[in-house]
Each structure stands twice: as structure tokens, then as C-alpha cells.
Amino acid sequence: MSRTGHGYAGTTNGVTTDAGLGKKFSEAISANAREKQPPSQALVEDGRRLLEALMEAYMDAEFQREVCRLREEIHDELRFLTTLGPLAARAQEPVFQCFGLPPGQRGVILMKMGVRLLSTVSPDIKELAGDLRELLCLPREEEDITSTIKKAESEFQDLQQKIAAAPLELRGPLAEAFLLPYNASPVEIAQAVPRLPKRAKEIADHHMARGRQDIIGEGKLLGSDMAHASDETLQAKVQDMFERYLQKMLSRVITPLDSYTRAPEDFACSWARDLVSKQTIQDLWGSQTCQTATLPVRDVVEDLSSQLGFSHGVAILNDTVSVKVTRQAREELAALETAGAVTPSQDPCNVGARSVWLHFETAEEREKSPPALRELCEHLLGLPHALLAAAESNSVVASRLRVHPHIMAATYRRGAEYHCHKDSYSGTDNSRMVTILLYLNDWQPGDGGELRLFGTKQVDADVGTGPGLRDAASAPDLERFVDVAPLSGRVVMFRSREIWHAVREPREQRWAMTLWVMAD
Ligand SMILES: O=C(O)CCC(=O)C(=O)O
Ligand SMILES: [Fe+2]
């Protein structure tokens, strides 16, 4: 690249020598359009000096820092271009003035047309223009603006179609989260989507205004470990939580369940069929109107069950597999842990827990799994089909279940616990419908690590402001709970969208396997 080494090429003490390049470009462009006349060599040299002067302006360290920061912060192409425009204009302005190009966007368009023409006779002009675009963090070749707009339009269409294909039960809560009516049209919802970060901030502000005591503590928005955090940290955390929550809601709406799940019958097995009885079905899906029946942990918590006030929603089955196989599975998990495959939970409510996903999508994945874990996973994956079959033969209306064939194995040690939560908030954040747990521990009283199941109470509906939205009307009743020991071979199944639960801190290391069964 030829450089003059002192200021812009073509200027002497700020006096312009290339005045009128804009005019020369216009004339050459129309001569070329009219008579296919190629640009003169003199114009090529003028053009080269213009690009070199811009190069020098763009290489300014401060300018480069700002462009790079924009590129890192803005992922949306169109928004990046519109934000870059005014910044680049500041760097271009003195150069354009010096070369006699009109200021602003008109100068940019004229320069681009001029460069396109010069590139037809001089490939190095094209190279130079590519270098310049790179300095602006743009691809070397310019995509023409109509194709950028077309791309944005087709992305919008695509989003709108995906929203239209989602059931109203999913679309409605998303619309309400954006303060639209429950039955807002897919177009209205798609138009609201870019406001997602702003909406998350509004919801966060609303919660922050309620005061710390209302948002921090067991069963609240944030765990007690946040009690001493500064207001700024809280604000950032709550905002981030709602942004992620809204993102999950959106992705739940636009990702069809069937695209990543399989039919339960694909995993049917006799172990599961033999296990599930009429009683299991009644425990899980029994009549909603029955107030007084007992919790199905008859042998464990007989005295507490009636206090809970839920007579359905949880089924517990004991000794479903041999101690020999749960011990072997524990050893296999310990080996995975040693190999570094068991990683810490990222959820702030799930402090210190660590887990590994066991995948069963393909035959290779199945074969890769160690034998005891594979056997247990295959058993658990058979339960959704067994539940549906038993529901049908007992004339109980069950949900349409789908299997996402991966199982989480999680471990808690001293210091780890899971605060009160639900595995799905009305099904709007994820499609979990039934949680199936299998415990692997040689548990003794005093070992801790019980699964705590809470009763619920009605609270004032706070529709439109919180996660779960309509769901805010049901809250855990922290005074009423039962603790279920994580005994080897014990299977606990519960309705993910209704049952508030927690894991108490254990004194001994504790392992559990979880299958979340999905539904619309
Ligand atoms: O391990 C348990 O008992 C329950 C864990 C749990 O609630 C969860 O992972 O969502
Ligand atoms: Fe859970």
C-alpha cells in the first residue's frame, strides 16, 4: 500500500488538491452507463488516494477500539450496520470534505459507486476497498442492502410462522409476558420479540420495587445467599433471570416438541410395565377434587401426608431395582466424576450440585454408556409408555407424553442443596410434564439429602409480572411439607408443573437419576 506518510494524500497544509472527486465520480459513472466508457487512469489514482486517506482515518486506535466494541456487543447485523453508520461518518467527514465528496450518506453512496466502477479496470482498488471494510469489521465484499433487508424480512416471516404453529396455551402466556392480550396475533407477538431485553428490565424493576424482603429467601425469586448482595448486583441478577426466562418462553414457543422428542412406545420395556399399577396412576393423575386422600408415601410419611393437601401429583415406588445394580451404577458415576465429566450446576438455586447427562438418542450413545447406568436408563425411559398404557386401561385421562431420551445423573455432597422450585412453570419455560427420579443411595437416617415436597397455597395473582405469570397464583406453602429419603431403588414420579420441591443438604454424598418426561 502506498502511503504519503503525512496526512491525507492530496492535501497540502489542509488545502484540497482533489476537490471535486464527487463530481468526477458522477461524470464517470454516467459516461460509463451511457457509453460503456471505462474510467480514466487519472481517476483510478484519485480513487486510490481517497481510499488510502480513509484507511489512515479508520486505523486511528480510538476509532478501532470503538468499532471492535460495537462488533462484540451487537449481534444483530442490521442493528450493527445502523449503529456503525454514524461512527464511521465521523471518521469519513474530514476525508470526504478534503476530496470534495458530498457529506454523509450521499458521499458514501457516491464513493461506493465510484469504487465499483474503478474496480472494473483496477483489481487492487477492489482489494483496498475490501481492506477498508475489514477495518470496519464488515465482510470484504458488500452484501447489497436489499438482500440484507430481505434477510431480515424472511427471518421475521419465519419467526411469525413458528409462533403461529405453536398452540395457544404456549403462545398466550408469551403474549401476556409482552403485555399483549392472551390471544394476540402471531404478527403482534413477533413484532414484540425484539423488545425482549427491555421487557425483562421492566419486570426486574417491578420486582426490585417490591423490596429485598419480598424477593430474597426460600421459595422466593432469589435464594437467601443473595441477602447481602448490593442493589446493583440484585438488579443485574433479577434482570438476567427474567431475560433468560423470556428467552426460554420464546424458544419453547418456536421449537416444536416433536422436533426433539420421540414417541414413548419407542422405549417401552417390561420392567416399567410391571412396575406401574392402577395405584401409581391414581397417585399421579388422580382426581383433582379429592381433598383428603393420603400422599402415596404411605410407608414413609403417613402422619404428614394429610397436612400437605395434595392427594395427587406424586407417586412413589420402592425397591424397583436391586441394590447390586444401584451400587454398580454409583461406581460407574464415580468413574465419570474422576474423568471430569460431572460438572457443577449453573443454577443459583441449585447450589453445589453437580451432574452429567447420559444420552440415549442413538445406538452408539447407548453402547457408550457403562452397563449398570445403561440398564437403569433403559428402565426409566420405559416409564412414560407404561404410564400412558396404565392410564388408558384405567380410563384416566393423561397428557400426551413425549420422550427426550437423555437422563441426568446428579450428585449432592455436604454444602449442596436445591432451593424450593418447580421443574417447569406452567410448561411455559420448558416442556417438562412428569419428573421421574431414581435414587441410588445406601441411605441411613441422619444422612440428610431428602427430597422435600411442599404443599401449595394461593397467593394474590400478579399476572404479567413474574415468571410463570398466571402461575404466580400458586406458591409453595413452606410450613407444610414431607421429606422423602433418597433410598436405593426408590422411584419418585411427580407432576413437574405443580409440585414445589427442594433437596435438603446431605451429610453423605447422594446420587439421583432424573428423566423429565415432556408434553405440550
Ligand atoms: O435429586 C432430587 O431429589 C431432586 C432434584 C431436583 O429437584 C432437580 O434436579 O430438579
Ligand atoms: Fe426439581
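All of these numbers come straight from a predicted model, not from anything done at the bench.

K.L.:
Tell me about helix α2 (residues 41-58), and name the residues and values.
P.N.:
In this model, α2 (18 residues) spans 26 Å end to end at C-alpha, consistent with the 26 Å of a helix rising 1.5 Å per residue. In terms of residue burial, α2 counts as a mostly covered element, since 13 of its 18 residues are buried.

K.L.:
Which residues make up the pattern of salt bridges, and what values go with them?
P.N.:
Summed over the entire model, instances satisfying the criterion amount to 34 salt bridges. For R354, the salt bridge goes to E337, with nearest N and O atoms at 2.7 Å. Note that R354 is positioned in strand β6 (residues 354-359) and E337 in helix α16 (residues 323-338), a separation of 17 residues in sequence. You can call R354 partly exposed: its relative accessible area is 24%. For E337, the salt bridge identified is with R413, shortest N-O distance 2.9 Å. Taken together, the positions of E337 in helix α16 and R413 in the loop between β8 (406-412) and β9 (417-421) put the pair 76 residues apart, joining distant regions of the chain. On the basis of relative accessible area, E337 is assigned to the buried category, the value being 15%. Classification of R413 as partly exposed rests on a relative accessible area of 38%. Within this structure, E127, D131, E134 and R140 form a network of salt bridges that share partners.

K.L.:
Residues and numbers for the packing of aromatic side chains, please.
P.N.:
Enumeration according to the criterion identifies 4 aromatic pairs in this entry. When the centroid spacing of 6.1 Å and the interplanar angle of 50° are considered together, the rings of W357 and W516 count as tilted. Taken as a pair, W357 in strand β6 and W516 in strand β15 (residues 510-518) lie far apart in primary sequence, 159 residues in all. Arranged with centres 6.1 Å apart and planes meeting at 70°, the rings of F454 and F481 form a pair that is edge-to-face. Placement of the pair is F454 in strand β11 (residues 451-458) and F481 in strand β12 (residues 474-484), with a sequence separation of 27 residues. By relative accessible area, which is 3% here, F454 ends up buried. Looking at R71, its charged tip hangs above the ring of F80, at a distance of 3.9 Å from the centre.

Criteria and thresholds
- Residues numbered from 1 in each chain as written.
- Chains lettered and ligands numbered in written order.
- Predicted model: local features only at pLDDT ≥ 70, side-chain atom pairs only at ≥ 80, totals over all residues.
- Heavy atoms only, no water.
- Helix = DSSP H or I, 4+ residues; strand = E, 2+ residues; numbered from the N terminus.
- Expected span 1.5 Å × (residues − 1).
- Buried < 20%, exposed > 50% of the residue type's maximum accessible area, 1.4 Å probe, protein only.
- Salt bridge = Lys/Arg side-chain N within 4 Å of Asp/Glu carboxyl O.
- Phe/Tyr/Trp six-rings, centres within 6.5 Å; stacked < 30°, edge-to-face > 60°.
- Lys NZ or Arg CZ within 6 Å of the ring centre and 35° of its normal.

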